[in-house]
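Coordinate analysis (summary)
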Amino acid sequence: MKCYYSIIFFLLSFSNALFGQKVLPPIYNYKIFDYQAASQNWDVAVDDSGALYAANNKGLLYYNGEEWVLNKLPNNTIIRSVRVIDDKIFTGSYEEFGYWQKNEFGLLDYTSLTHLIQNYTFTNEEFWQIISFNDAIFFRSFSTVYKYKDDKIEVIDVEGVVTDMAAYDNELYIAGGGTGIYKLHDKQFISLSNLEALLGKTIIAMASIDHKLFIGTKLNGCYVFENGILQEWNHPINKELKKHQLNDIVPYPKDKIAFGTIKKGVFLYDTVQDSYINLDRETGLQNNTVLSIFHYDNQLWLGLDNGIDRIRTNAPITYYTDFSGAVGTIYDIAYVDDVLYIGSNTGIYFFEDDALQFVENSQGHVWDLKVIDNELFAGHNTGTFKVSKNTLELVSSVSGGYQIVKVPEDDNSYLQGTYIGISKFSKNTEGVWEVQPINGVQFPVKQLCFESKHIVWAAHPYKGFFRLRLNKALDSVEEIQEFVHDAIPNNYNVKVYNVKNQIVLYADGIWYAYNAILNKIEVFEDFVKYKGNELIYNDGDYFWFIDNENSKEIFYTNLRDENLSIAENVLKKRLVPDAENVVKLNDSIFMLTLNDGFAKINLKKLNSYLDNFKVPKPQLTYFKDEEHRFSLVKENFQIDYKNSQNISFQVASPNLTKPRYFYQLSGAKEQASYIDSGTLHFQNLPHGFYEVNISTVSIDGKISEPKIISFTIAPPWYLSVVSKVVYALIFLMIIFLVRRYNRKKLERRQRSFEEKMDRKQEEHLANLEKEKLAKEIKLKQQELTSTTLNIAKKNEVILELKNMVVMNKDKFPSSSRYGSFIKKLDKSVNDSEDWKRFEVNFKELHEDFFERLLKEFPKLTPKDLKLCAYLKMNLSSKEIAPLMGISLRGVEIHRYRLRKKLQIDTSEYLSSFLITF
């Protein structure tokens, strides 16, 4: 929402002595693009908090001071009337009336009441007015009045057209169009007598004011009804009301009446001073057609044919605004002979007969207005002029009159800083002003300040400070002392002042003072508190500072016990940066130049206002995260982490115009700041508990009791309680699995160790078995060898016997006996039993030797196999011969033949081949 401010003076009794023109209250404009609805606003109402409700063509508009919300009826009809009664907002529209109430989310819900109407049918009725009277609520259409009480609707028929309704003297009255006034009596309206003056006149509005009933007609002005007597209101304002078509009448404190018209805006009448002012399009209203008026807390809300306006009726700071743009930026103000003059970048203006007038031929930039001996001097871009309403007299042709200051101890001499140096103004005995340049100064001087009569300080706009010593005639410079960067860090746009006979300097946000004894510049301790604040006015006792770099806040102080800060948003936005100027008109009223007019600050009224003003505690209007709008009945808002990336809430102080707020966020993240809007956004806050203390800030910087808003951002799913339980279970599971794994691993290692030990034992046993077998084999081999050798020896002995027998053949008694003996010997040598025993024992040692040998060499004979067996046992031919019963020569021959069968090369040993076979 943007507010366009058309703001001008408020009428004050003490200001009439100072100004010839009328002053008007400030007006705040809310345009169609601000509230995003239709242009026409038929009725307005305000609740106890100051929130506005407007009956708009598109629905019910709600404004809490921070945002506009449009609430539409179920049938989307135009709302013609609205009234706030207790916690309900009653509205009337086409063939429909009911009430709205805020739900727990701060939104308005609608409840229709038309279903309570019994035995009656609407006839194209629209409900234009709602009032509360005697614990009942009355809805008025043009043809009928409906009474709502105790959840029942009573229809009160009326003859003719009903144009208005009002409560007066504890009675309910209605206006019957052009037929007069009627009073409710015993459930019917009866006509009042002796009101012939109203016949034929369209009554458009009625209001009870000071025990009188003001009756407004459409084209015939106002009438006053009192004690049964009707009289036409005899006041000059009534002529204006007749002329501009009266539409509404609303009383407001203190002793004032607002008259809304169709053609000329609103007329504000003060019954005590018996005076009135008019606010219309030319003086700041958006539209001259006022459809409705509502007063609340020194504010008038106007529902217009095009927009909504808000009027501050008792503002301590008021404004003049140049809506035409012709005046431009105002740099100085002066008051001479009951005439207010203003100097701007476009020329010199004055007020006469309530109108702003231009001083002919004064066009150009005006820097300074100075009243000297009741004469007005204007420092102009083209020179310096003496000014009156009708004349503009050139006094000095030197361009650019920045500032004129009086020479101490000399009532007729002044010095002026200009674009090209300093000029001396002196008044001769004939009262004529003479001007001459001061020799020795050829640079622009924006500010002048006397240290003594002959020592003056000059502020160059770009090169800093200069201390000038003048001659006795004050027409020439005898000595120039320049202060370079080691004394002042920045020479741009410096300022110089005389504060209680001490030279005070301002540069780059720091206050300095000149120490005349040491001839050096030092930090000025008295102004340390106002570092970064420029001095825009001082009269020696009181000082006006402004924080031009940051908040634009204005401070009014006597440096002791009186301190006042002014931080009004309207004022801050209209100040002229680095050219602010305060003009004192009297002890209470000060004028402040603006970029499109000027402000008038009434300190007496401002202090009274602030003393009686309690800064309202802000109201919470909504609280949202990325997905949800929360119920406002909760004390602590619980926000899911996934929706916490953007948290927003809004507070409002509806009865204030564009208030500021101060908030402090505490929790996992902390921050604090002043803000110009009641809507706050927090993004990407860490999870945890937070508390926001937010207060309304008044015009003087005081803060209200804080509204405390608490919310908790749940941790992300991976840090939630359930997740932590899962993590604990997982951790325990991991511990369990690790322990189980370690146990399994230990078991595996144990098994492996046991298996290894078993294997080693088995290997050991196997080795033992192997050794045993080897021993057995060796033993068997030994046995076999021994047996074989025994057989060989036996056979060898037998063969020797045989040889001996053969040699002693002749000694045998008979050949048969010899032959028998030889056979027995041969049989003993070739004993098959010996071979069988040998073969059995041999096969135990060499199980498949014969099979493999025969498989490879199938042509071997049994005798060959015997030889092979003996050779495998590594027996020599000599040992083999007796075993086979043949000679050594026979063994060699047999070996030779066997070598041939086995196809063994002569280079290879036959026994080696068979041993490894």
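Remember, predicted model here, so these are calculated numbers, not experimental data. (Residues numbered from 1 in each chain as written. Predicted model: local features only at pLDDT ≥ 70, side-chain atom pairs only at ≥ 80, totals over all residues. Heavy atoms only, no water.)

**Digging into the overall build of the protein chain**
Put simply, the test is: Here a helix means four or more residues in a row that DSSP labels H or I, a strand means two or more in a row labelled E, and each is numbered from the N terminus. The size measure is the radius of gyration over C-alpha atoms, and the globule rule it meets is 2.2 Å times the number of residues to the 0.38 power. Think of it in three bands: residues with accessible area under 20% of the maximum for their type are buried, residues over 50% are exposed, and the middle band is partly exposed, with areas taken using a 1.4 Å probe on protein chains only. A contact between two residues is defined here by any heavy atoms of the two lying within 4.5 Å. Accessible areas in this description were obtained via Shrake-Rupley with a 1.4 Å probe; residue shielding takes into account the shown protein chains only. The charge count treats Lys and Arg as positive and Asp and Glu as negative. His and the chain ends do not count. Charge placement uses NZ in Lys and CZ in Arg. For Asp and Glu, CG and CD serve respectively.
Summing up its helical and strand segments, the protein chain has 12 helices and 65 strands in all. On C-alpha atoms alone, the protein chain measures out to a radius of gyration of 61 Å, which is more than a quarter above the 29 Å that the 2.2 N^0.38 rule sets for 917 residues. Classification of the 917 residues of the protein chain by burial places 50% in the buried group. Taking the intrachain contacts of the protein chain between residues at least 6 apart in sequence as the baseline, contacts between residues at least 24 apart amount to 48%. A total accessible area of about 45,500 Å² is found for the protein chain, and carbon and sulfur atoms account for 48% of it. Averaging the locations of the 107 positively and 117 negatively charged side chains of the protein chain gives two centres separated by 19 Å.

**Quick notes on unusual backbone geometry**
Cis geometry is found at the peptide bond from Pro253 to Lys254, where omega equals -15°. Tracing the backbone through its elements, the reader meets Lys254 in the loop between β23 (246-252) and β24 (256-261). One non-glycine residue, Asn684, lies in the positive phi region at around 55°. Relative to the helices and strands, Asn684 is located in the loop between β63 (679-683) and β64 (688-697).

**Regarding the pattern of salt bridges**
Quick reminder of the rule: Salt-bridge detection follows one rule: a side-chain nitrogen of Lys or Arg within 4 Å of a carboxyl oxygen of Asp or Glu.
Considering all chains together, one arrives at 20 salt bridges under this definition. The salt bridge involving Lys389 is made with Glu352; its shortest N-O contact spans 3.0 Å. You can see Lys389 sitting in the loop between β37 (383-387) and β38 (392-396) and its partner Glu352 sitting in strand β33 (residues 347-352), a full 37 residues away along the chain. Its relative accessible area of 30% is what places Lys389 among the partly exposed residues. Note that Lys427 is salt-bridged to Asp373, the shortest N-O span being 3.4 Å. Taken together, the positions of Lys427 in strand β41 (residues 422-427) and Asp373 in the loop between β35 (366-372) and β36 (375-380) put the pair 54 residues apart, joining distant regions of the chain. Assessed through its relative accessible area of 23%, Lys427 is described here as partly exposed. What makes Asp373 partly exposed here is its relative accessible area of 45%. One continuous salt-bridge network, built from bridges that share partners, spans Glu375, Lys386 and Glu393.

**A look at a positive patch on the surface**
What counts, and what does not: To count toward a patch, a residue needs a relative accessible area over 30% and no salt bridge; like charges are then connected within 9 Å, while nonpolar side chains (Val, Leu, Ile, Met, Phe, Trp, Tyr) are connected within 5 Å.
There is a patch of like positive charges on the surface, built from Arg739, Arg740, Arg743, Lys744, Arg748, Arg749 and Arg751. Looking at the element boundaries, Lys744 is found in helix α5 (residues 721-807).

**Some words on the packing of helix α9 (residues 862-872) against helix α11 (residues 888-902)**
Selection criterion: Axis definition: a line fitted to C-alpha atoms, limited for helices to the stretch in contact. Angles are taken between N-to-C directions and run from 0 to 180 degrees. By definition in this entry, angles of less than 35 degrees are roughly parallel, angles greater than 145 are roughly antiparallel, angles of 65 to 115 are roughly perpendicular, and the rest are oblique. For this scheme, ten residues count as nonpolar: Ala, Val, Leu, Ile, Met, Phe, Trp, Tyr, Cys and Pro. Four count as charged, namely Asp, Glu, Lys and Arg, and the remainder, Gly too, count as polar.
α11 packs onto α9 with a crossing angle of 95° between their chain directions and a minimal axis gap of 11 Å. Considered as vectors, α9 and α11 are oriented roughly perpendicular to each other. Within the contact between the two elements, α9 uses Lys863, Asp864, Leu867, Cys868 and Leu871 and α11 uses His894, Arg895, Leu898, Lys901 and Leu902. Split by residue class, the contact of α9 with α11 holds 5 nonpolar, 1 polar and 4 charged.

**With respect to the sheet that holds β24**
Sheet strands pair by backbone hydrogen bonding; their relative direction is either parallel or antiparallel. Here is the rule we go by: Pairing between strands requires that DSSP locate at least two bridges from one strand to the other.
Strands sit in the order β23-β24-β25-β26 across an open sheet of 4 strands; the sheet is antiparallel. In this open sheet, the two edge strands, each paired with only one partner strand, are β23 and β26 (275-279). Neighbour-to-neighbour, the strand axes of this sheet turn through a mean angle of 20°, independent of strand direction. Across 6 bridges, β23 lies against β24 in antiparallel orientation. Within β24, the residue paired with Leu246 across the bridge is Thr261. Contacting β23, β24, β25 (266-270) and β26, helix α2 (residues 236-244) crosses the sheet at an angle of about 165° to β25.

**Details of α11**
Residues separated by three or four positions in an α-helix point in the same direction, a consequence of the helix having 3.6 residues per turn. Rule in force here: Every helix has an expected span of 1.5 Å times one less than the residues it contains. Directions drawn from the helix axis to the C-beta atoms are what define this arc.
For α11, spanning 15 residues, the distance from its first C-alpha to its last is 21 Å, which sits close to the expected 21 Å at 1.5 Å a residue. Every buried residue of α11 is listed here: Val891, His894, Arg895, Leu898, Arg899 and Leu902. Within α11, the buried residues cover an arc of 145° as seen down the axis, which keeps them to one side. Projecting away from the buried face of α11 at angles above 90 degrees are the exposed residues Arg889, Tyr896, Arg897 and Lys900. On the buried face of α11, the contacting elements are α8 (849-856), α9, α10 (877-884) and α12 (910-916). Immediately beyond the C-terminal end of α11, within one or two residues, lies Gln903, with a positive phi of roughly 55°.

**Notes on the sheet that holds strand β32 (residues 339-344)**
Pairing is antiparallel in the open sheet, where 4 strands are placed in the order β31-β32-β33-β34. Each having just a single partner strand, β31 (330-336) and β34 (355-358) make up the two edges of the open sheet. Between one strand axis and the next, the sheet turns by 25° as a mean value, whatever way the strands run. In terms of strand pairing, β31 meets β32 through 6 bridges, oriented antiparallel. In the strand pairing of β32, Tyr335 is matched with Leu340.

**Description of the side chain of Ser292**
Let me state the cut-off plainly: Residues adjacent in sequence count toward polar contacts only when both atoms are side-chain atoms; beyond that, a polar contact is any pair of N or O atoms within 3.5 Å, and within protein one must be able to donate a hydrogen and the other to accept it.
Of note, Ser292 is situated in strand β27 (residues 290-296). Since its relative accessible area comes to 2%, Ser292 is described here as buried. A distance of 3.5 Å separates a polar atom in the side chain of Ser292 from the backbone nitrogen of Val44. Residues contacting Ser292, with those up to four places away along its chain left out, are Asn41, Trp42, Asp43, Val44, Asp248, Trp301, Leu302 and Gly303.

**With respect to α9**
Of all 11 residues that make up α9, 8 are buried, and the element is covered over most of its length. Considered for burial, the residues of α9 that qualify are Asp864, Leu865, Leu867, Cys868, Ala869, Tyr870, Leu871 and Lys872. After α9 finishes, the residue Asn874 shows a positive phi value of roughly 65°.

**Overview of the confidence of the model for the protein chain**
Counted only if it meets this: Each residue carries a pLDDT score, the predictor's confidence in it, ranging from 0 to 100.
Of all residues in the protein chain, 96% have pLDDT values of 70 or greater, and the mean over the chain is 87. A low-confidence stretch, residues 1-22 (pLDDT under 50), is modelled with 98 contacts involving residues beyond four sequence positions or located in other chains.

**Quick notes on the side chain of Glu580**
Secondary-structure assignment places Glu580 in the loop between α3 (569-574) and β55 (582-584). Comment: no salt bridge for buried Glu580; closest opposite-charge side chain is Lys552, at 4.7 Å. Here Asp578 takes part through its backbone nitrogen, which lies 3.4 Å from a polar atom of the side chain of Glu580. Once you skip the residues sitting within four places of it in the chain, Glu580 turns out to touch Ile536, Ile546, Asn548, Leu575 and Thr593.

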